[in-house]
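Report on the structure
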Amino acid sequence: MHWEAYAIRYGRHDRPAQSNFLLPVQDPHEAMPLDYYVWLLRNAEGHEIVVDTGFDAACAERRGRTLSRSVADSLKAMGSDPARVQDVVVTHLHYDHAGSVELFAGARIHIQEREMAFATGKHMCTACIRLPFEADHVVSMVRALFADKVVFHDGEGEVAPGVTVHRVGGHSDGLQVVRVQTARGPVVIASDAMHFYANDRQGNPFPIIFDLGAMTQGWRIARRLAGGDESRVIPGHDPEVRTRFPAVEGQGGDVVALHLPPIG
C-alpha cells in the first residue's frame, strides 16, 4: 500500500539560530526561522490521515507566532475536508501539534498512552516543562477520549496498512514519529524528534528537552525507520523541507510532496 505524503506549512516564527540549538553555534544571531507544518497522507482508496493539528489564531497571537493560513483552510485547499478525515495522528501534545482536534469530528485520534499520561501527570506541576503545552488542547484530548475517539499506542502501532507510529520520546515523553510507505520507500515524519536537519547533522539538539538521551537516540531511530536514507527523514520545522521537495501547484510554495524524489 503506497501513500502520498504532503508537508503543509501553516505558520512561521522568525528567530535567531541559537534559539534552535542546545549547544553554542558559530553565529548565534544568524536568522534561522522556524516553519510550522501539518502533514497530509492520502492513498488511492481515498483514505486520508492528518499528522498533527497545529494551532489557531488565538494561540498564535498569545505566543507571538505568525499564522499564514488556518489548518482547516490549508487542508481544504488540498481538497481535504477535516470533518471527513478518518485518522489523525498527534505526535505529541505541544501547542503547535495538538490544537484544533475538534475540527476532525469523524476521526480516530492516535496518540501514545505515555504522552497522555505525561500531559496530565506530575511533570505538569513544573512550569518549564509544561510551557509548550496548552491546557485547552489537553482538555480537548480528554474530551475526545470520553467520546471514544482516542486510540492509544504503546511504543509501536499501526494506524492503517502502510502507516505506523513509533515512540521515540526525548522532546516530550510520549513523542512519536510516523512511518509511511510511499512509492519512493518509507518516509518518516520525524515531527519534533528533529526540528531541523541541522539538529541531527551537527549533533546539536533543539533546546526543549525532556530526556536528552532519548532525543539523540530518536535521530538514529528515525534514520533506521527510513531505511538509512536521510532524504526520507522529514524534520518537523525546517524551511529547507520546502526547497528539497517538489512544490504542489497552486499552494504558493507552502505545500510540498514528500512521496516524490527530492529536487536535484
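This text gives an overview of the structure that appears in the document. (Residues numbered from 1 in each chain as written. Predicted model: local features only at pLDDT ≥ 70, side-chain atom pairs only at ≥ 80, totals over all residues. Heavy atoms only, no water.)

Some details on the pattern of salt bridges
One pass over the full model with this rule turns up 16 salt bridges. Among the salt bridges present, the one from Asp 35 reaches Arg 12, with a minimum N-O distance of 4.0 Å. Taken together, the positions of Asp 35 in strand 2 (residues 34-43) and Arg 12 in strand 1 (residues 3-13) put the pair 23 residues apart, joining distant regions of the chain. The shortest N-O distance in the salt bridge between Asp 87 and Arg 108 comes to 2.8 Å. Here Arg 108 lies in strand 6 (residues 108-112) and Asp 87 lies in strand 5 (residues 87-89), a separation of 21 residues in the sequence. On the accessibility criterion, Asp 87 (0% relative accessible area) is buried. Classification of Arg 108 by relative accessible area gives partly exposed; the value is 40%. (Salt bridge = Lys/Arg side-chain N within 4 Å of Asp/Glu carboxyl O. Helix = DSSP H or I, 4+ residues; strand = E, 2+ residues; numbered from the N terminus. Buried < 20%, exposed > 50% of the residue type's maximum accessible area, 1.4 Å probe, protein only.)

Topic: unusual backbone geometry
In this structure, Ser 100 takes a positive phi of about 65° despite not being glycine. Phi at Asp 148 takes a positive value of approximately 60°, unusual for a residue other than glycine. Structurally, Asp 148 can be placed in the loop between helix 5 (135-146) and strand 7 (150-153).

Focus: the packing of aromatic side chains
If you walk through the whole model with that rule in mind, you get seven aromatic pairs. With a centroid separation of 5.0 Å and 70° between ring planes, the pair formed by Tyr 10 and Phe 55 is classed as edge-to-face. Of this pair, Tyr 10 sits in strand 1 while Phe 55 sits in the loop between strand 3 (48-51) and helix 1 (57-63), placing them 45 residues apart in sequence. The residues Tyr 10 and Phe 55 share a single accessibility class, namely buried. Positioned above the aromatic ring of Tyr 95 is the side chain of Arg 63, whose terminal nitrogen or guanidinium carbon lies 4.1 Å from the ring centre. (Phe/Tyr/Trp six-rings, centres within 6.5 Å; stacked < 30°, edge-to-face > 60°. Lys NZ or Arg CZ within 6 Å of the ring centre and 35° of its normal.)

With respect to the environment of Arg 220
Its location among the elements puts Arg 220 in helix 7 (residues 212-225). Along the sequence, Arg 220 and Cys 125 sit 95 residues apart, while their C-alpha atoms lie 31 Å from each other. Of the polar contacts made by the side chain of Arg 220, one reaches the backbone oxygen of Thr 216; its length is 2.9 Å. (Polar contact = N/O pair within 3.5 Å; in protein donor to acceptor, adjacent residues only side chain to side chain.)

Quick notes on helix 5
Taking 1.5 Å of rise per residue, twelve residues should cover 16 Å, and helix 5 covers 17 Å from first to last C-alpha, within 8% of that figure. Listed as buried for helix 5 are His 137, Val 138, Met 141 and Ala 144. In an axial view of helix 5, the angular spread of the buried residues amounts to 115°, which keeps them on one side of the axis. Facing away from the buried surface of helix 5 by more than 90 degrees, the exposed residues are Ala 135, Asp 136, Arg 143 and Phe 146. On its buried side, helix 5 packs onto helix 1, strand 6, helix 3 (113-119) and strand 7. Backbone geometry just after helix 5 places Asp 148 at a positive phi near 60°. (Expected span 1.5 Å × (residues − 1). Arc of directions from axis to C-beta. Contact = heavy atoms within 4.5 Å.)

Description of the nonpolar core
If you look at the biggest cluster of nonpolar residues, it comprises 43 residues, and the most contacted ones within it are Ile 8, Val 88, Leu 93 and Met 141. Within the residue set of this core, elements represented by two or more residues are strand 1, strand 2, helix 1, helix 2 (71-77), strand 6, helix 3, helix 5 and strand 13 (255-257). Ranked by the residues each element gives to this core, the list is headed by strand 2, at four residues. The residues touching Ile 8, leaving out its near neighbours within four places in the chain, are Tyr 36, Tyr 37, Val 38, Leu 40, Ser 74, Leu 75, Met 78, Asp 254 and Val 255. (Core = buried A, V, L, I, M, F, W, Y, C linked by side-chain atoms within 4.5 Å.)

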